[in-house]
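Read off the chains here:
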Amino acid sequence: MKLKYDFAVREIMGEYVLVPLGDGALGFAGMISTSETGALLVEELKRDVDREVLVKRILEEYDVDEQTAAADVDEFLDRLETLNLLITEKDPT
């Protein structure tokens, strides 16, 4: 899976925002507020990766157990899917 649009990740006063670039600005109007973990996941999702890669990346970056990392990844992916921002194997567009 990967992001449907290109996003710039910006830190503004300790908060992270995702700003759509190029065609993404037309397809997704607005910005998304996220955590540092979400910003890290967005950077990974700029290339085609699977859930396990995302969980592993969280485990490398933060001092959390695998169950917590997996739950955080799942919650973030659910949020992106709700906003229709992911391309998955089921959705080739």
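Residues numbered from 1 in each chain as written. Predicted model: local features only at pLDDT ≥ 70, side-chain atom pairs only at ≥ 80, totals over all residues. Heavy atoms only, no water.

Peer 1: Account for the sheet that holds strand E3 (residues 15–20), naming residues and giving values.
Peer 2: Taking strand neighbours across the sheet as the criterion, the three strands line up as E2-E3-E4 in an open arrangement whose pairing is antiparallel. The sheet is open, and its two borders are formed by strand E2 (7–12) and strand E4 (32–34), each paired with just one other strand. Ignoring strand direction, the axes of neighbouring strands in this sheet form an average angle of 30 degrees. As paired strands, E2 and E3 are joined by six bridges and run antiparallel to one another. By the bridge assignment, Ile 12 is partnered in E3 with Glu 15. The sheet contacts of helix H2 (residues 36–44) involve E2, E3 and E4, and relative to E2 the element is tilted by about 155 degrees. (Pairing = 2+ DSSP bridges. Helix = DSSP H or I, 4+ residues; strand = E, 2+ residues; numbered from the N terminus. Axes fitted to C-alpha atoms, helices over the stretch in contact; angles between N-to-C directions. Contact = heavy atoms within 4.5 Å.)

Peer 1: Give a description of the environment of Asn 84 that names residues and reports values.
Peer 2: Turning to its location among the elements, Asn 84 is positioned in the loop between helix H4 (66–82) and strand E5 (86–87). For the pair formed by Asn 84 and Lys 4, sequence separation is 80 residues and the distance between their alpha carbons is 8.0 Å.

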